[in-house]
Amino acid sequence: VASPTIRIDPGAATPVTRQIVDQLRMRLVERALAPGDALPSVRRLALDLGVHFNTVADAYRTLAEEGWLDVVQGRNVRVVARPTPTANAETRIRFRRRLDQLVADARAQGLSAPAVARELSATAESLKS
Amino acid sequence: MTAPSGPIILFVLLVGVLLHYVPLWRRQGLWFGVTVAPGFSETREARAGLWRYRAAVWAGSVLAIACLVGGQRAALPWLALAGMLCQAISATLAFAVVHRGMRSFAVPPPARTAPLAVTRERLPAGAASVLVPVGLIAATALYLFFTTGDSGLDRTWRHVYGPLVVCAAAVVFQLAMAQVIVHGTPRGRVAGTEGWTTRFRRATLRLLVFGTWGMTAVICALSMATGGDRPAALSWIAPLVILASTVPFAVQLVLLMRDPGSGTDGTPDDCWKLGLVYFNPADPAVMVEKRFGVGYTVNFGNRALWWIVAGGVLLILLIAAVLRTG
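Residues numbered from 1 in each chain as written. Chains lettered and ligands numbered in written order. Predicted model: local features only at pLDDT ≥ 70, side-chain atom pairs only at ≥ 80, totals over all residues. Heavy atoms only, no water.

(A) Main features of the sheet that holds strand β2 (residues 38-39) of chain A. All names here are of chain A. Taken in spatial order, the 3 strands make up an open sheet running β2-β4-β3, and their pairing is antiparallel. Because the sheet does not close on itself, it has two edges, and the strands there are β2 and β3 (69-72). Taken together, the 4 bridges between β3 and strand β4 (residues 76-79) define a ladder with antiparallel strand orientation. Bridge pairing in β4 places Val 72 opposite Asn 76. Of the strands in this sheet, β2, β3 and β4 are in contact with helix α3 (residues 53-65), which crosses β3 at around 130°. (Pairing = 2+ DSSP bridges. Helix = DSSP H or I, 4+ residues; strand = E, 2+ residues; numbered from the N terminus. Contact = heavy atoms within 4.5 Å. Axes fitted to C-alpha atoms, helices over the stretch in contact; angles between N-to-C directions.)

(B) Representation of a nonpolar patch on the surface. All names here are of chain B. The grouping of Val 277, Phe 279, Phe 300, Trp 306, Val 309, Val 313 and Leu 317 at the surface amounts to a nonpolar patch, some 610 Å² of accessible area in total. Considering each element in turn, the nonpolar patch owes the most residues, 4 residues, to helix α8 (residues 303-325). Counting through the fold element by element, Val 277 comes out in strand β5 (residues 277-278). The class for Val 277 is partly exposed, based on a relative accessible area of 34%. (Patch = residues over 30% accessible without salt bridge, like charges linked within 9 Å, V, L, I, M, F, W, Y side chains within 5 Å. Areas by Shrake-Rupley, 256 points an atom, 1.4 Å probe, with all protein chains shown as cover. Salt bridge = Lys/Arg side-chain N within 4 Å of Asp/Glu carboxyl O. Buried < 20%, exposed > 50% of the residue type's maximum accessible area, 1.4 Å probe, protein only.)

(C) View of the interface of chain A and chain B. Facing 24 residues of chain A, the contacting portion of chain B comprises 21 residues. For the pair chain A and chain B, the two sides together bury roughly 1900 Å², of which 58% comes from carbon and sulfur. The largest per-residue losses of area from chain A upon contact with chain B belong to Arg44(A), Leu47(A) and Asp48(A), which jointly make up 31% of the total buried on that side. Counting the contacts that link chain A with chain B gives 1 salt bridge. (Buried area = accessible area lost by both parts, 1.4 Å probe.)

(D) Spatial organisation of the nonpolar core. Counting 34 residues, the largest nonpolar core has Trp31(B), Phe32(B), Tyr53(B), Met102(B) and Phe200(B) as its most contacted members. Breaking this core down by element, the ones donating at least two residues are α2 (44-73), α3 (77-102), α5 (157-184), α6 (194-224) and α7 (234-256) of chain B. Residues within four places of Tyr53(B) in sequence aside, it is in contact with Leu19(B), His20(B), Pro23(B), Phe32(B), Ala91(B), Ala94(B), Phe95(B), Val98(B) and Phe292(B). Core analysis: the next-biggest nonpolar cluster, separate from the first, contains 25 residues, Val16(A), Leu45(A), Tyr60(A) and Leu69(A) among them. (Core = buried A, V, L, I, M, F, W, Y, C linked by side-chain atoms within 4.5 Å.)

(E) Molecular detail of the packing of helix α4 (residues 89-108) of chain A against helix α5 (residues 113-128) of chain A. Residue and element names in this part refer to chain A. The contact between α4 and α5 brings their axes to 10 Å, and the two run at 135°. As judged from the angle between their axes, α4 and α5 are oblique. In this structure, the crossing between α4 and α5 has a hand that is right-handed. Counting all contacts with α4, which are made through Leu 99, Val 103, Ala 106 and Arg 107, the residues of α5 involved are Ala 113, Val 116 and Leu 120. (Parallel < 35°, antiparallel > 145°, perpendicular 65-115°, else oblique. Left-handed = near helix turned anticlockwise from the far one by under 90°.)

(F) Up close: the pattern of salt bridges. Tallying each qualifying case throughout the model produces 16 salt bridges over all chains. Close ionic contact of Asp259(B) with Arg199(B) constitutes a salt bridge, the shortest N to O distance being 2.7 Å. Of the two residues, Asp259(B) is situated in the loop between α7 and β4 (272-273) and Arg199(B) in helix α6; the sequence distance between them amounts to 60 residues. Classification of Arg199(B) by relative accessible area gives partly exposed; the value is 39%. A salt bridge links Asp265(B) to Arg291(B); the nearest nitrogen and oxygen atoms lie 2.8 Å apart. In this pair, Asp265(B) sits in the loop between α7 and β4 while Arg291(B) sits in the loop between β6 (287-289) and β7 (296-298), placing the two residues 26 residues apart along the sequence. By relative accessible area, Arg291(B) is classed as buried at 5%. Because the salt bridges share partners, they merge into one network encompassing Arg18(A), Asp22(A), Arg25(A) and Glu66(A).

Here's what the structure looks like:
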């Protein structure tokens, strides 16, 4: 089984810390990274990505605050079991708003409505499996 | 000046041949230190750049040979050194000029990737990487300590242990460099190049570690056989050991460069000054892969490097002081 990887684009508008957080969270939600798994140290991941140590440290800290990671001095980073929080109405509204914004953004960049619908259906299907 | 210049001319020609091929020893996504599209090296512009570089290299080499011959005839030994310097400078400048010309064909750097797996990397032979040269030096020092008194030769401490001290310093330097490669270089920043980068790192580390073993063995043998009791066979065994401990690994590195899966190195083109010097304060890597030549170069923008340089200078001063007092 190929080990999970992380991918960043330093030239993108999204800050690199945010890119790292988003991608790691995706791997954690997908269970590509399971509780007990070790992650590279702050130093090693920063070296491999070619970004400042603080960028990776901030990303790890954010995920630790969300309860995904246990970070000891930035050296030993482990995925921890995280109880699934109960989503309230506000969470659903916020998700819907972000989804609408994302769809609008995709359509503004030229993606047709059927193409967007196909992508959303594929995502919905993958959630069922 | 009566020394024969034939071997030196041969050496200059050999350097010329090496410089002729050096631009081809690169990751396949790079051309003269610039990130280019796949297949760019086959274009007319790329070949013209290569031709210009090679013309400058051979012009510099011919000038070097002319200086060697002229220096010999006019009894001006410094002219030979100036000639060889000309050869190196002409190749470096030619590379920088062609690099600048190629910048207009640069493509945006690909997105960077990093594995999330935790791997414990070690030197090729593990603890033996350090224990072998340290053991050899220690054993030689002990042998010299117990035998030099009986040799009847009037030798100072510096003459007996000097080569060993210099060898120990070289061992420290080379093994420190190997450790920096293990702990201070990226494992492949571009998707699909991780495997190639791992092979390249291993080959470089093997060259460093086994080259260190070969060098230590030769210096120790020469140290033990100083004076009039040096075996004749040592004069051909010593170069043979050096060649055997370096050439196979150097060849392996050069062959790796022809692998089509090498891609690019993920460092920004803008941070390569003249295509030769890497200066990127935003990159925590202490060393990165060279874009001119094979191996690793330092990141001049990394502050940790200056501590390493300071340590190296201190070590050299310490050795000079020790040898002077000996």
